Amino acid sequence: MTKWVYTFGDGAAEGAAEMKALLGGKGANLAEMSNLGIPVPPGFTITTEVCTAFYANERAYPAELASQVDDALALMSRITGKNFGDEADPLLVSVRSGARASMPGMMDTVLNLGLNDVTVEALAKVAGDERFAYDSYRRFIQMYSNVVLDLEHHDFEEILEDYKEHNGYVLDTDLTADDWKAVIVSYKALVERAMGKPFPQDPRQQLWGSIGAVFGSWMNARAVTYRRLHDIPASWGTAVNVQAMVFGNMGETSATGVAFSRNPSTGEKALYGEFLVNAQGEDVVAGIRTPQNLTEAARIQAESDKPSLETVMPAAYAEFVAICERLEKHYRDMQDVEFTVERGKLWMLQCRIGKRTTKAALKMAVDMVAEGLITSTEAIGRIDPAGLDQLLHPTIDPKAERKQFAHGLPASPGAACGEIVFTSEEAEAATQAGRKVVLVRVETSPEDIHGMHASEGILTTRGGMTSHAAVVARGMGKPCVSGAGAIRIDYAAGTMTAEGVTLKRGDKITIDGSAGQVLIGAVPMSRPELSGDFAKLMGWADDVRRMKVRANAETPADAKVARSFGAEGIGLCRTEHMFFDEGRIVAVREMILADTEAERREALAKLLPMQRKDFVDLFEIMHGLPVTIRLLDPPLHEFLPKTEAEIAEVSAAMGVPAAKLKDRAEALHEFNPMLGHRGVRLAISFPEIYEMQVRAIFEAAIQAAKETGEHVVPEIMVPLVGIKAELDFVKTRIDAVAKEVADKTGVTLDYHVGTMIELPRAAITADKIAETAEFFSFGTNDLTQTTFGLSRDDASKFLNYYLKGGILEHDPFVTIDKEGVGSMIELAAERGRKTRPNIKLGICGEHGGDPASVKFCETVGLDYVSCSPFRVPIARLAAAQAALEHKK
Ligand code: PEP
Ligand code: MG
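On a predicted model such as this, the values are computed, not experimentally measured, just so you know.

Reading the values: rules and limits
Residues numbered from 1 in each chain as written. Chains lettered and ligands numbered in written order. Predicted model: local features only at pLDDT ≥ 70, side-chain atom pairs only at ≥ 80, totals over all residues. Heavy atoms only, no water. Pairing = 2+ DSSP bridges. Helix = DSSP H or I, 4+ residues; strand = E, 2+ residues; numbered from the N terminus. Contact = heavy atoms within 4.5 Å. Axes fitted to C-alpha atoms, helices over the stretch in contact; angles between N-to-C directions. Near = heavy atom within 4 Å. Polar contact = N/O pair within 3.5 Å; in protein donor to acceptor, adjacent residues only side chain to side chain. Areas by Shrake-Rupley, 256 points an atom, 1.4 Å probe, with all protein chains shown as cover. Phe/Tyr/Trp six-rings, centres within 6.5 Å; stacked < 30°, edge-to-face > 60°. Buried < 20%, exposed > 50% of the residue type's maximum accessible area, 1.4 Å probe, protein only. Lys NZ or Arg CZ within 6 Å of the ring centre and 35° of its normal. Donors = N, O, S within 2.8 Å, 3.2 Å for Na, K, Ca; no water. Domains from an automatic or database assignment. Expected span 1.5 Å × (residues − 1). Arc of directions from axis to C-beta.

Section: the sheet that holds strand β6 (residues 93–99)
Turning to step 1, where the next piece is worked out: As summarised here, the arrangement of the 6 strands in space is β2-β1-β3-β8-β6-β7, forming an open sheet in which the pairing is antiparallel. Edge positions in the open sheet fall to β2 (12–13) and β7 (109–113), since each of these has one partner strand only.
Turning to step 2, where the next piece is worked out: Strand direction decides the pairing type here: strand β1 (residues 5–9) and β2, joined by 2 bridges, are antiparallel. Its bridge partner lying in β2, G9 is registered against A12.
Turning to step 3, where the next piece is worked out: Those strands touched by helix α1 (residues 20–35) are β1, β2, β3 (43–46), β6 and β8 (238–244), and its axis lies near 120 degrees from that of β6.

Structure representation (structure tokens):
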């Protein structure tokens, strides 16, 4: 018989931490804590396999599930001494989701389950607090009705607000037990009106209703979006955790809170978190009351006048600190925990590996190596390469003037600047239109994920460091200021006001997520220094990495940035970018307008010294490191003016009739320029263009070698080759120019000639092409385009439908499509090596900076990846992780 239910509690458990796939993260860790003897309210986990079976069988449960749940409830009764539905001392439970990967706030939860008109009386007696019991019951009715019966939360809120207004109350805490009883009557009437039957009184019916709702919430819209954004497969399913309730709202000796065993923002080794006296967990996250600090040190630093847990509940605090330390040692990583103190007794409700900023991840990893908790190899695996992007985010220039509008909490570091928007929909629309925005909300909820994703940064006026906005922003690596309480937002008017100053929708603001400041206008930013922990970890990564990392760069500025980020050469210099420069576009246009070869050569002669200077600069900056220069690639029409006004301007500047410009542009017009007269095809028609370029390369190599003292060996790369004879045609001319330059200067030239692999025909005939090519560089932008037959410039219009519909798992222009494009690469690598065993292989498409694609490159055994300069650190780390994984 399949085991669908796993119990935990009282120092034992049927599950363990390794069983995350089956029990979900929450369930597996509750089991683990219970096994460690840590105080955990007893309960059981219904496995993710039930979720999968539920969806595979038209939302029906496996036959044995009911009896296994009964057995588990019986065990809870034995441990707690209370019975589910008991009219004298009822066992109350919570029902919560818990997927394999954490999906904070995405799925449903029901608390205080088991209460009804009879058990509420019993709870009042046992707790000795009637007000507490009826408050719990009304919370339950509201939650259950929303989650299970699908009634609107705000209909209940409205009843409550009306009641308070009618009776002259301001806060929920003003209500007495009798008030709550009256509210409950109205709540139940609302349910009966809406459902045509009374609120369910049978605890078992309540339990199964809630279990069904949690499994159902796996497919709700926000969970589906979250999974798509975080690459979580729908097939994983969620588990359901049913656990005995403990109450943090049983008076002044009760409390509830959340904590991290180290600071998730900075990585500092100090307990970090918040709690509230006499509250349920939801109250801490909601941010309606200002939470208190856990430690005295944190309280003093925050200048808070509210006492810390350390002073109000010293015994529970001491036990809590010891448990956090123990958990951190046990899991060998920073822990994110939830806890409740019920009348002085501490209970742990959850532990998991805590999310953190990249800055914190680096500090923790490096510190933990020093502490002997983990090895340097493990440290490499602890950092998400894509997250390094966060460190490359700008911070506010220290010299810049700061016009402060308001201040709040430093919830997620880095600075962001953009136009004010007040809704997630606006944020998305503005971003799609190419504008940068800062999302401003009173508080955010899981429905705002897409808006937060689209924004540069997030500002909220309510909520603490563990509010939804703060947690999610840190995870996304977006700067965030939360709890800026002085700001009043008027959503209807589209304005926000603080201290007499009003800003409106569309105005620019800058937020400093490290300082918690909101500044008026766009404030100058600077890039951070990459030293300390970053340098240390990257050093470890470089030690284990096999693939080299190069950069795609053509300007001296980019080449310098690339070097400072650790690039080991240039993998792609797109020479056409050099042609757009103001000083030379005229000569380029003369070349295009030329009617004869002689005229063309005349124009090219003007370009030669400029190209040579470009290459000298690059060779000098790269100081002997390999530099791959790609000969001209784009169709020539790209260099001609387009609009009437531009044509008139160019015509006047060049002294060429506008009609001639127009005629030439028309003659060069193509229906599919990406598949047209470009790349090596230009050289077949006009060999003199590449001849000029390679002459410039050779002369520059000689000059740079003289100036740097380093031997310069240029790698000359021919784009869009599909036929070996094309490459032969060009290679013959390259060799001829080399000989000419060598003869003239008396210097022997070392150089390599290779090709990009960007066409399926090139991949398939790679064995032939390798007879001529000394290296291949996979141009996966074009190779993706040509393998799919998908225009890279137009695909974004419809690829979204493919991604949303699950027809494609990833955007193939971002992450290599292993099955198709990847097979092309494997085939070309294999065939190329057959002809030329030591052929050098690299990749220079955008994929070279994408961690998943880098991993793929390792499995094919490429020699290097090349990516944009700012992604070089990402590629270095990804290459190290790939090497470690591949070794296993
Ligand atoms: C490619 O096609 O992958 C490539 C690097 O070249 P480009 O993007 O310039 O076409
Ligand atoms: Mg290309």
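Some details on the site of ligand 1
Turning to step 1, where the next piece is worked out: Inspection of the region around ligand 1 gives 13 residues, with R574, G779, N781, D782 and R792 positioned closest.
Turning to step 2, where the next piece is worked out: The separation between an oxygen atom of ligand 1 and a polar main-chain atom of N781 is 2.7 Å.
Turning to step 3, where the next piece is worked out: At 2.9 Å from an oxygen atom of ligand 1 is found a main-chain nitrogen or oxygen belonging to D782.
Turning to step 4, where the next piece is worked out: Protein chains shield 94% of the accessible area of ligand 1, which is 280 Å² for the free molecule.
Turning to step 5, where the next piece is worked out: Every element with two or more residues in the shell around ligand 1 is listed here: β28 (570–574) and α32 (780–788).

With respect to the packing of aromatic side chains
Turning to step 1, where the next piece is worked out: If you walk through the whole model with that rule in mind, you get 17 aromatic pairs.
Turning to step 2, where the next piece is worked out: Relative to Y491, the ring of F422 lies with its centre 6.4 Å away and its plane at 80 degrees, an arrangement referred to as edge-to-face. Here Y491 lies in the loop between β21 (488–490) and β22 (495–498) and F422 lies in the loop between β17 (415–421) and α17 (424–432), a separation of 69 residues in the sequence.
Turning to step 3, where the next piece is worked out: For F422, a relative accessible area of 0% puts it in the buried group.
Turning to step 4, where the next piece is worked out: The class for Y491 is partly exposed, based on a relative accessible area of 32%.
Turning to step 5, where the next piece is worked out: Clustering of aromatic rings is evident, with ring pairs tying together F54, Y55, Y61, W208 and F215.
Turning to step 6, where the next piece is worked out: Sitting above the plane of the Y134 ring, K181 keeps its charged end 5.0 Å from the centroid.
Turning to step 7, where the next piece is worked out: Over the face of the ring belonging to F729 we find R733, whose NZ or CZ atom lies 3.9 Å from the ring centre.

A short note on the coordination of the magnesium ion (ligand 2)
Turning to step 1, where the next piece is worked out: Donor atoms from the polypeptide that bind the magnesium ion (ligand 2) are E758 (OE) and D782 (OD), placed at 1.9 to 2.0 Å. Here E758 is found in the loop between β31 (752–757) and α30 (760–764), whereas its partner D782 is found in helix α32, with 24 residues between them in sequence. Each member of the pair, E758 as well as D782, carries the same accessibility label: buried.

What to know about the domain arrangement of the protein
Turning to step 1, where the next piece is worked out: Partitioning the protein into domains gives domain 1 (255–356), domain 2 (395–526) and domain 3 (545–635 + 670–887).
Turning to step 2, where the next piece is worked out: Computed from C-alpha atoms alone, the centre-to-centre distance between domain 1 and domain 3 is 53 Å.

So, helix α7 (residues 177–195)
Turning to step 1, where the next piece is worked out: Here α7 contains 19 residues, and its C-alpha end-to-end distance of 27 Å stays within 8% of the 27 Å for a straight helix at 1.5 Å per residue.
Turning to step 2, where the next piece is worked out: Residues of α7 that are buried: A177, D179, W180, V183, I184, Y187, L190 and V191. Buried residues along α7 cover an arc of 140 degrees about the axis, so they all sit on one side. Exposed positions of α7 whose direction lies more than 90 degrees from the buried face are D178, V185 and R193.
Turning to step 3, where the next piece is worked out: Here the buried face of α7 lies against α5 (130–147) and α6 (153–167).
Turning to step 4, where the next piece is worked out: Residue G196 follows α7 closely and has a positive phi angle near 75 degrees.

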